[in-house]
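# Inside the fold
Chain residues, written in single-letter form:
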Amino acid sequence: MRIDVVTLFPEMFQSFLDGSLLGTAQKAGLLDIRLSNIRDFAVGTHRQVDDRPYGGGPGMLLMPGPVVECVESLLTKKDCSETAVPSTSIAMLTPSGQPLTQQILEEFATRRRIILLCGRYEGFDQRICDTLKPELISVGNYVLSGGEVAAMVIIDAVARLIPGVLGDSLSAVDDSFSGTDRLIEGPQYTRPREFRGLQVPEVLLSGDHQRIADWRKMQAVTATQKQTYYCQDN
Ligand code: SAM
């Protein structure tokens, strides 16, 4: 799978992409992640990429030209064809987007290529959206300074879903929000059996696989109900 990141700050991604899981996945050819700098498509001596909003208001907006031209430089003829099944998806990171879920990430993981658009300052000129018609994605109901951290969230979470990235011993199938029931994982324990007077639940030491599975399921249901309650409350 190929992921292109369109950003004003490509240097923010370097250590993130070289890190263990993503670095290994790229070396193994499972992921091809490329960074494009919006400023490379700016014109003029100051290579301006942002300007004040029409109608007034605080801050600066990303101008349409450099962002659209940067994305177009990444698209092939086939990507632009209206009749062909699109082989490339464009996702714009924005607080006004659809809230990111494991289901959306699973969908992304099936695609051949995704282009992630990272905003900065007060965000994007609306005509970037009107021209590129991206999917709008939010990583939560709060405001980040830029789309780069949101793009890293997507890259990290999608990478886990690509077959081979997690290796044989680990599987995303059992993770929270996954599988058919999408339950959240309950509490887990490792050694020692006792830590500062806190014991590992007896059932986990019983060796009784059915009892352990039942206990885990019950804990997962409780954790999921608690989280649903937090979400409703907010
Ligand atoms: N003025 C915008 C607003 O009020 O919605 C906020 C712009 S924010 C400071 C700059 C950029 O950070 C956005 O264009 C977007 O790319 C990114 N960003 C901020 N919060 C985000 C979120 N919750 N999800 C995804 N991207 C976000």
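Bear in mind the structure is a predicted one, so any value in this text is a computation, not a measurement.

Reading the values: rules and limits
- Residues numbered from 1 in each chain as written.
- Predicted model: local features only at pLDDT ≥ 70, side-chain atom pairs only at ≥ 80, totals over all residues.
- Heavy atoms only, no water.
- Helix = DSSP H or I, 4+ residues; strand = E, 2+ residues; numbered from the N terminus.
- Contact = heavy atoms within 4.5 Å.
- Domains from an automatic or database assignment.
- Pairing = 2+ DSSP bridges.
- Axes fitted to C-alpha atoms, helices over the stretch in contact; angles between N-to-C directions.
- Near = heavy atom within 4 Å.
- Polar contact = N/O pair within 3.5 Å; in protein donor to acceptor, adjacent residues only side chain to side chain.
- Areas by Shrake-Rupley, 256 points an atom, 1.4 Å probe, with all protein chains shown as cover.
- Nonpolar A, V, L, I, M, F, W, Y, C, P; charged D, E, K, R; others polar.
- Buried < 20%, exposed > 50% of the residue type's maximum accessible area, 1.4 Å probe, protein only.
- Salt bridge = Lys/Arg side-chain N within 4 Å of Asp/Glu carboxyl O.

Attention shifts here to the environment of proline 64. Within the element layout of this structure, proline 64 appears in helix α3 (residues 64-74). For the pair proline 64 and threonine 131, spaced 67 residues apart in sequence, the C-alpha to C-alpha distance is 8.9 Å. Discounting residues that sit within four places of it in the chain, proline 64 has contacts with Asp125, Arg127 and Ile128.

Note on interface size: it is often stated as the accessible area lost on association of the parts. Examined at the domain level, the protein chain breaks down into domain 1 (2-159) and domain 2 (183-233). Inter-centroid distance (C-alpha atoms) of domain 1 to domain 2 is 38 Å.

Let's shift gears to the sheet that holds strand β5 (residues 88-99). The strand order across the open sheet formed by five strands is β2-β1-β6-β5-β7, and the pairing between neighbours is parallel. With one partner strand each, in any of the chains shown, β2 (32-37) and β7 (135-138) form the two edges of the open sheet. Geometrically, the sheet is characterised by an average inter-axis angle of 30° between neighbouring strands, direction not taken into account. Contacts from α3 reach β1 (2-7), β2, β5 and β6 (113-117) within the one sheet, and its direction differs from that of β1 by about 160°.

Around the ligand sit 20 residues, and of these Leu93, Gly119, Gly140, Tyr142 and Leu144 come closest. In this structure, a nitrogen atom belonging to the ligand sits 3.0 Å away from a main-chain N or O atom of valine 139. In isolation the ligand has 590 Å² of accessible area, and contact with the protein removes 82% of it. Only β5, β7 and α7 (147-159) provide two or more residues apiece to the shell around the ligand. A total of three residues in the shell around the ligand trace back to one element, the largest contributor, which is β5. Of the residues in the shell around the ligand, the class split is ten nonpolar, eight polar and two charged.

The next subject is the environment of glutamate 69. Mapped onto the fold, glutamate 69 is located in helix α3. According to the relative accessible area criterion, glutamate 69 is partly exposed, its value standing at 43%. Taking the C-alpha atoms as reference, glutamate 69 lies 23 Å from proline 95; in sequence the two are 26 residues apart.

The next point concerns the pattern of salt bridges. For the structure on display, the rule yields ten salt bridges. Measuring nitrogen to oxygen at the nearest pair gives 2.3 Å for the salt bridge that ties glutamate 107 to arginine 111. Ionic contacts of the salt-bridge type, sharing partners, join the residues Arg2, Asp4 and Arg113 into one network.

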